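Reading the structure
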2 protein chains.
Amino acid sequence: MKIGVLGTGVTGQTIASKLVQLGHDVMMGSRDEANPKAVAWAKEEGHNALYGTFMNAASFGEIIFNCTLGPASLDALRMAGAENLKGKILIDTSNPLNKATDPWTLTVCNTDSLGEQIQRMFPDTKVVKTLNTVNTNVMVEPTKLIERTQVFVSGNDIEAKATVVMILRDWFGWREILDLGDITTSRGVEMFLPLWQSLRKAIPEQRFNIKIVSS
Amino acid sequence: MKIGVLGTGVTGQTIASKLVQLGHDVMMGSRDEANPKAVAWAKEEGHNALYGTFMNAASFGEIIFNCTLGPASLDALRMAGAENLKGKILIDTSNPLNKATDPWTLTVCNTDSLGEQIQRMFPDTKVVKTLNTVNTNVMVEPTKLIERTQVFVSGNDIEAKATVVMILRDWFGWREILDLGDITTSRGVEMFLPLWQSLRKAIPEQRFNIKIVSS
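Because the structure is predicted, anything quoted here is derived from the model rather than measured. (Residues numbered from 1 in each chain as written. Chains lettered and ligands numbered in written order. Predicted model: local features only at pLDDT ≥ 70, side-chain atom pairs only at ≥ 80, totals over all residues.)

**Structural notes on the overall build of chain A**
Within chain A, the regular secondary structure consists of 10 helices and 11 strands. Against the globule reference of 17 Å for 215 residues, chain A gives a C-alpha radius of gyration of 16 Å, in line with a compact fold. By principal-axis analysis of the C-alpha atoms, chain A measures approximately 50 × 35 × 35 Å. Scored against the burial criterion, the 215 residues of chain A give a buried share of 53%. Put simply, 73% of the contacts in chain A that link residues at least 6 apart link residues at least 24 apart. (Helix = DSSP H or I, 4+ residues; strand = E, 2+ residues; numbered from the N terminus. Rg over C-alpha atoms; globule rule 2.2 N^0.38 Å. Buried ≥ 20, exposed ≤ 12 C-beta atoms within 10 Å, placed from the backbone. Contact = placed C-beta atoms within 7 Å.)

Here it is in structure tokens:
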């Protein structure tokens, strides 16, 4: 499958590399036509790994991953262009985090979320929020944790969520995938990040996630 | 021990009853001198169970539980009186939730929290935030869940947190108690509630909690 990955940071690189390893054709998109990190990544990953602008990557992909930093996501997606995202699934892994504050603060929360903002800005795109509650290395290697843990999906389009569940399960190895509901449930998973920051400080291992335990 | 429990709702009743069962003298405090729910509770629980105003209960207790509804907590604590809370541990279980909205919204979040507001209002009281991330019945019966799960403590006073850890462990049965840090970490546990609401809708069992799993 042709997949566009927006963002050249750790999350973009990790997800894009995993997708290439799975045999997909992946274009990493960034602000510039030849971002040095994207160029280096593509060279490392071989001929299935391409790079270009946000617009190039969005146009290229049948499915798009948003791995840009949350505060820059709306801007990046605007550059990607509504016409290039139209009708497609946009998997939003971003968090609207201001990491300049300690504790971290969110740039949008409570009565709105970045997931909702993206969906409102691109009404013809099927936005599915997922993976934002875990560290990058857990995203594509959940089986490295000693027990099965949960990942969440939020979105308005049932079929798009079913496709994303398939991707999470069959490509990334997730076994516990919980559909939280429509895109407004992005608020909850984004507002989890301040607790996630505290957990990261309190827990010795860098890899961790939460498991839902009931009675 | 003499314990004041502020609030006559499900959380107040559950915690107060558990404390009475453990052999403590418990006064349930409310806005009125003889709140019908507090009167009925005391009658049911026997001679170790007392009731009175917020001020009576705060004055009575060596340790105080805040089990009032979050949006009313500052008001209730103001009625309890700084002089009656001075030097004492105040275990804050409340959440600043506006449940009139769907999804729920918080009345304070992101750059502040109810835990911090309470600590600022009562600088001579040792505020420890805990238990607010779980359903009431899980608070005092964590062992009913099929695995050990986490409960968190946030607060500025190390000794007060150690006392609260003892209470959570020896009185309520918690085995996994994670100290998140100072009272600013109340933000994270309070901002967990929107995700908690989604989980409650998505999970068939009413009793659940999260377990931290690492690699």
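**Some remarks on the sheet that holds strand β5 (residues 89-92) of chain A**
Residue and element names in this part refer to chain A. Reading across from one edge, β3-β2-β1-β4-β5-β8-β9-β10 is the order of the eight strands in this open sheet, with mixed pairing throughout. Every other strand in the sheet has two partners, leaving β3 (49-53) and β10 (176-181) as the edge strands with one partner each. Going from strand to strand, the sheet's axes swing by 25° on average, the running direction of each strand aside. Note that β5 and strand β8 (residues 126-130) share four bridges and pair parallel. Across the sheet, residue D92 finds its bridge partner in β8, namely K129. Docked against the sheet, helix α2 (residues 36-45) engages β2 (25-30) and β3, running at close to 165° with respect to β3. (Pairing = 2+ DSSP bridges. Axes fitted to C-alpha atoms, helices over the stretch in contact; angles between N-to-C directions.)

**Looking at the relation of the copies chain A and chain B**
Placing chain A over chain B gives an RMSD of 0.0 Å and needs a rotation angle of 180°, together with 0.0 Å of translation along the axis. Here the copies are linked by what is in effect a two-fold axis. Comparing interface residues between copies, 100% of those in chain A also lie at the interface in chain B; the contact surface is shared. (Least-squares fit on C-alpha atoms with pLDDT ≥ 70 in both.)

**Brief notes about helix α4 (residues 70-80) of chain A**
All names here are of chain A. Here α4 has its buried residues at G70, S73, A76, L77 and A80. Within α4, the buried residues cover an arc of 100° as seen down the axis, which keeps them to one side. Positive backbone phi, at 95°, marks G81, one or two positions downstream of α4. (Arc of directions from axis to C-beta.)

**Brief notes about the interface of chain A and chain B**
Size of an interface: often given as the accessible area lost when the parts come together. The partner chain B presents 40 residues to the 40 residues of chain A that form the contact. Of all the secondary-structure elements, those providing two or more residues to the side of chain A that touches chain B are β7 (105-106), β10, α9 (186-191), α10 (193-202) and β11 (208-214) of chain A. Sheet analysis places β11 of chain A next to strand β11 (residues 208-214) of chain B, joined by seven bridges and oriented antiparallel. Note that in β11 of chain B the partner of V213 of chain A across the bridge is N209 of chain B.

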